[in-house]
Amino acid sequence: MSKRFYITTAIDYVNGLPHLGHAYEKVITDVIARARRAMGEGAFFLTGLDEHGQKVQQAAVADGKSPQAYCDELAAIWKTFLGRLNVSNDDFIRTTDPRHKSLVQAMLAKLHAQGDIYQASYSGFYSAKEETFLTEKDRRPNGTFDPSWGEVVKLAEDNYYFKMGQHQAWLIDHIEKNLGFVQPDYRHNEVLGFLRSEPLQDLCITRPAARLSWGIPLPFNPAFVTYVWFDALSNYITSPGSLGDPTVLGALDPNSAFRVPHSESELWPADIHVIGKDIVKFHAVYWPIMLKAAGLPLPKQVLVHGWWQKDGAKMSKSTGNVVDPVAVIDEWGVDAFRYYVVRELDIGPDGNWTDAGFQARYSAELANGLGNLVNRSLSMLKRYRRGVVPARSDELASEVGRAVDEAGAHLKANQLQAALVSIWTIVTRANLYVEQTKPFNLAKNPAQSKRLDDVLYNLAETCRILAVLLWPFVPASAEKIFGQLGLAESPKRLALASWGGLVAGHVIGEPVPLFPRKDQPKQ
Ligand code: MSP
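Below, the structure is looked at part by part. Since we're looking at a predicted model, the values are computed, not measured. (Residues numbered from 1 in each chain as written. Predicted model: local features only at pLDDT ≥ 70, side-chain atom pairs only at ≥ 80, totals over all residues. Heavy atoms only, no water.)

## Comments concerning the environment of A210
Cut-off, in case you're wondering: A run of DSSP states H or I qualifies as a helix once it reaches four residues; a run of E qualifies as a strand once it reaches two. Both are numbered from the N-terminal end.
Relative to the helices and strands, A210 resides in the loop between β10 (206–208) and β11 (217–218). A210 sits 173 residues away from R37 along the chain, and the two C-alpha atoms are 47 Å apart.

## Quick notes on the nonpolar core
To be explicit about the condition: Here, the term nonpolar core denotes a set of buried Ala, Val, Leu, Ile, Met, Phe, Trp, Tyr and Cys residues that are joined through side-chain atoms within 4.5 Å. Only protein chains enter the area calculation, which uses a 1.4 Å probe; residues under 20% of their type maximum are buried, those over 50% are exposed, and those in between are partly exposed. Between two residues, a contact is recorded if the distance between any of their heavy atoms is within 4.5 Å.
F337, V341, W353 and F473 are the most contacted members of the largest nonpolar core, which totals 106 residues. It is helix α17 (residues 449–470) that contributes the most residues to this core, 13 residues altogether. With residues near it in sequence (within four places) discarded, V341 still touches L20, Y24, V27, W308 and W353. If you look at the next biggest cluster of nonpolar residues, it comprises 61 residues, including V104, L111, V182 and L203.

## Describing unusual backbone geometry
Along the chain, Q183 connects to P184 via a cis peptide bond; the corresponding omega equals -5°. Mapping P184 onto the fold places it in the loop between β8 (182–183) and α6 (185–197). The omega angle of the peptide bond from W268 to P269 is 5°, so this bond is cis rather than trans. Of note, R386 is a non-glycine position whose phi angle comes to about 50°, a positive value. For R386, the location among the structural elements is in the loop between α13 (355–385) and α14 (397–412). A positive phi angle, close to 60°, is found at N414, a residue other than glycine. Secondary-structure assignment places N414 in the loop between α14 and α15 (416–437).

## Some words on the packing of aromatic side chains
Stated formally: Note on aromatic contacts: the rings of Phe and Tyr and the six-membered ring of Trp form a pair at centre separations within 6.5 Å, being stacked when their planes are under 30 degrees apart, edge-to-face when over 60 apart, and tilted otherwise. A positively charged side chain is recorded as over a ring if its NZ (Lys) or CZ (Arg) lies within 6 Å of the ring centre. The angle to the ring normal must also be within 35 degrees.
Summed over the entire model, instances satisfying the criterion amount to 26 aromatic pairs. With a centroid separation of 4.7 Å and 70° between ring planes, the pair formed by W332 and Y362 is classed as edge-to-face. A residue pair is termed long-range when its members are at least 10 positions apart, and W332 in helix α11 (residues 325–332) and Y362 in helix α13 qualify at 30 residues. By relative accessible area, which is 5% here, Y362 ends up buried. Here the aromatic cluster, defined as three or more aromatic residues joined through ring pairs, consists of Y24, W308, W332, F337, Y340, W353, F358, Y362 and F515. Across the ring face of W471, the terminal group of R34 is positioned such that the distance to the ring centre comes to 5.0 Å. The positively charged end of K154 is found above the aromatic ring belonging to F125, 5.0 Å away from the centroid.

## Comments concerning the packing of α13 against α15
Axis angle and axis distance: for two packed helices, these are the angle between their axes and the distance between the axes, and together they describe the pair. This is how the line gets drawn: Structural elements are reduced to axes, namely lines fitted to C-alpha atoms, with helices fitted over the stretch in contact, and the angle between N-to-C directions of any two is expressed from 0 to 180 degrees. When describing relative orientation, an angle under 35 degrees is termed roughly parallel and one over 145 degrees roughly antiparallel, while 65 to 115 degrees is termed roughly perpendicular and anything else oblique. Note: crossing handedness is left-handed where the near helix turns anticlockwise from the far helix by less than a right angle, and right-handed where it turns clockwise.
At a minimum axis separation of 10 Å, α13 and α15 run at an interaxial angle of 50°. Comparing their axes, α15 and α13 come out oblique. For the pair α13 and α15, the sense of crossing is left-handed. Contacts between α13 and α15 involve E365, L366, N368, G369, L370, N372, L373, R376 and M380 on the former and, on the latter, W424, V427, A430, N431, V434 and E435.

## What to know about the sheet that holds β11
Counted only if it meets this: Think of it this way: DSSP has to see at least two bridges between two strands before they count as a pair.
Strand order in the open sheet formed by three strands is β10-β12-β11, and the pairing between neighbours is antiparallel. Strand pairing shows two members of the sheet lacking a second neighbour, β10 and β11, which therefore form its edges. Taken together, the three bridges between β10 and strand β12 (residues 221–226) define a ladder with antiparallel strand orientation. Among the inter-strand pairings, P208 is bridged to a residue of β12, identified as F224.

## Concerning the site of the ligand
As a reminder, the rule being used: A cutoff of 4 Å decides nearness: a residue is near a molecule or strand if any of its heavy atoms lies inside that distance of it. Each polar contact in these results corresponds to two N or O atoms within 3.5 Å; when the atoms are within protein, one needs to be able to donate a hydrogen and the other to accept it, and residues that are neighboring in sequence are counted only if both atoms are side-chain atoms. What sets the accessible areas is the Shrake-Rupley method with a 1.4 Å probe; for residues, cover comes only from the shown protein chains. Residues were grouped as follows: Ala, Val, Leu, Ile, Met, Phe, Trp, Tyr, Cys and Pro as nonpolar; Asp, Glu, Lys and Arg as charged; and all remaining residues, including Gly, as polar.
Contacts to the ligand come from 24 residues, most closely from I11, E25, D50, G276 and D278. E25 is positioned such that a nitrogen or oxygen atom in its side chain is 2.6 Å from an oxygen atom of the ligand. For the ligand, the protein covers 94% of the area, taking 660 Å² as the surface of the free molecule. Secondary-structure elements contributing two or more residues to the shell around the ligand are β2 (12–13), α1 (20–38), α7 (228–233), α8 (235–243) and β13 (272–276). Taken together, the residues of the shell around the ligand break down into 12 nonpolar, eight polar and four charged.

## Regarding the packing of helix α12 (residues 334–344) against α15
Relative to each other, α12 and α15 sit at 110°, their axes nearing to 7 Å. Considering the angle they form, α12 stands roughly perpendicular to α15. For the pair formed by α12 and α15, the contact residues are Y339, V342, R343 and E344 on the first element and L416, Q417, L420, V421 and W424 on the second. Classifying every residue of the contact of α12 with α15 gives six nonpolar, one polar and two charged.

## Focus: helix α2 (residues 54–62)
This is how it is decided: It is the directions from the helix axis to the C-beta atoms that the arc portrays.
Burial in α2 covers these residues: Q54, V56, Q57 and A60. On an axial view of α2, the arc spanned by its buried residues comes to 165°, and they lie on one face. Taken together, the buried residues of α2 touch α3 (67–84) and β5 (117–127). Just past α2, the residue G64 takes up positive phi, approximately 70°.

## Notes on the pattern of salt bridges
So the rule is basically this: Should a side-chain nitrogen of Lys or Arg be within 4 Å of a carboxyl oxygen of Asp or Glu, the pair is scored as a salt bridge.
Within the structure shown, the criterion is met by 34 salt bridges. Here D90 makes a salt bridge to R37, at a shortest N to O gap of 2.9 Å. With a gap of 53 residues between them, D90 in the loop between α3 and β4 (91–94) and R37 in helix α1 connect regions that are remote in the sequence. Under the relative-accessibility criterion, D90 is labelled partly exposed at 37%. Between E344 and R361 there is a salt bridge whose closest N-O contact spans 2.9 Å.

## Re the environment of Y362
When the C-alpha positions of Y362 and P516 are compared, they lie 9.6 Å apart, and in sequence the two are 154 residues distant. Other than its neighbours up to four places away in sequence, Y362 contacts W332, A336, A367, F515 and P516. In this structure the side chain of Y362 is engaged in a polar contact, spanning 2.8 Å, whose partner is the backbone oxygen of P516.

Below, the structure is given as structure tokens:
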């Protein structure tokens, strides 16, 4: 076997409930993973949870639970959430998994043995709320710290540091030579700007266990635990490593008797890390340096999405300005949610959720657009031809073919919004075709029987191809379209999107509205 396409999301902080931002990241990653699988690449999709750190420890204590019990309860909620989003991840990594901890320790041991990690004492201002040391640069002009840092205390402590300085030059060079390494382009420029502007400081990668016990102990000094980012970023290699990825095991665990390299688990390096704009530096600067130091190849791309707001303002639980994806899915269905977030927001800029905007797209594009097209096409085939597919006709073939090519090219370039726009040219064209050809009038005139056959074939075949193109985006609806067409196979192979798949004499199934108009009862 050769290396599989490997895509990841950020791992979410376990202490907090899933919101629109988390849902968006999972959905776009899922669409890319499904599209790659549809194109015949064996894509592997990893997501998971970031479970260590002070906030989790404190919340567990406040709840009267052990941190592990607290995390286990929340992890169950997050897993259910992924199911509600119909996300097709192949693995779910938790930073409290023993498989994760052992490989993080192997990496720490290697870096320490090589002299990349050293101990030093540091004194400075510390924000417990943000779990970070602050510098003079974080002070306001009047010398105080912004209240968003919470209480800021003076703290002096020993910690371990990861050497960064010697990595700056090659990383700049790598990013300059690989425009695709950080995408979109403006994020690439932002990272280069940061790297060129100042010398990289060594990274503090521990906390004393006496102050923070909820973390992975350093293998060479258990009085310290790994601080969250070193722990969290490593998830991208600990999952493949635990599954037997030969590259990861070769670098971190060459002599293990327990983890046997499996050629089906050839995943590393990752093809795409999908992340939000707030964590670019960790992924495009710290992570490549950690990997290089550990002797591992770099990921091919960090793909950065923007942040959602609601009604033009930051989402915040305290003000109640939130979108609850599960409530939206309960009311409108998972595919309406998936469609909206991908269609509304290109991967890159920030987006704004409004309920009115969501409902407008639902009504115009899903209920009256796609849903209406499929329902009337199949209902007419049922009514006028008892559901029997007539002889092939190619009237819409070239227009549909053009949109298929366009959508395929966009999918290869991870341009999901553009792919949907291309796909919708078919929806619009086919709905217009119904208005122009008026099959309901043709049906009244026996002399137009051949013409009616042609129109009905073109419509049914267009619906079939739409299902194939739409499968990565709205898999359940795509499967339903195939079911209603009476096709036993699944629409999950892009190769099926070539004209002429429906054969004369095939009998379709029952048409059922896919996206009921809101004044109608839900299916
Ligand atoms: N645990 C870290 C990531 C470690 S990855 C090795 C973290 N977790 S998070 O739960 O705060 O965020 C998870 C992802 O959700 C991040 O990519 C973040 O950018 C994204 N989003 C959080 N809020 C968001 C929006 N409002 N909109 C879109 N995405 C957002 O950071």
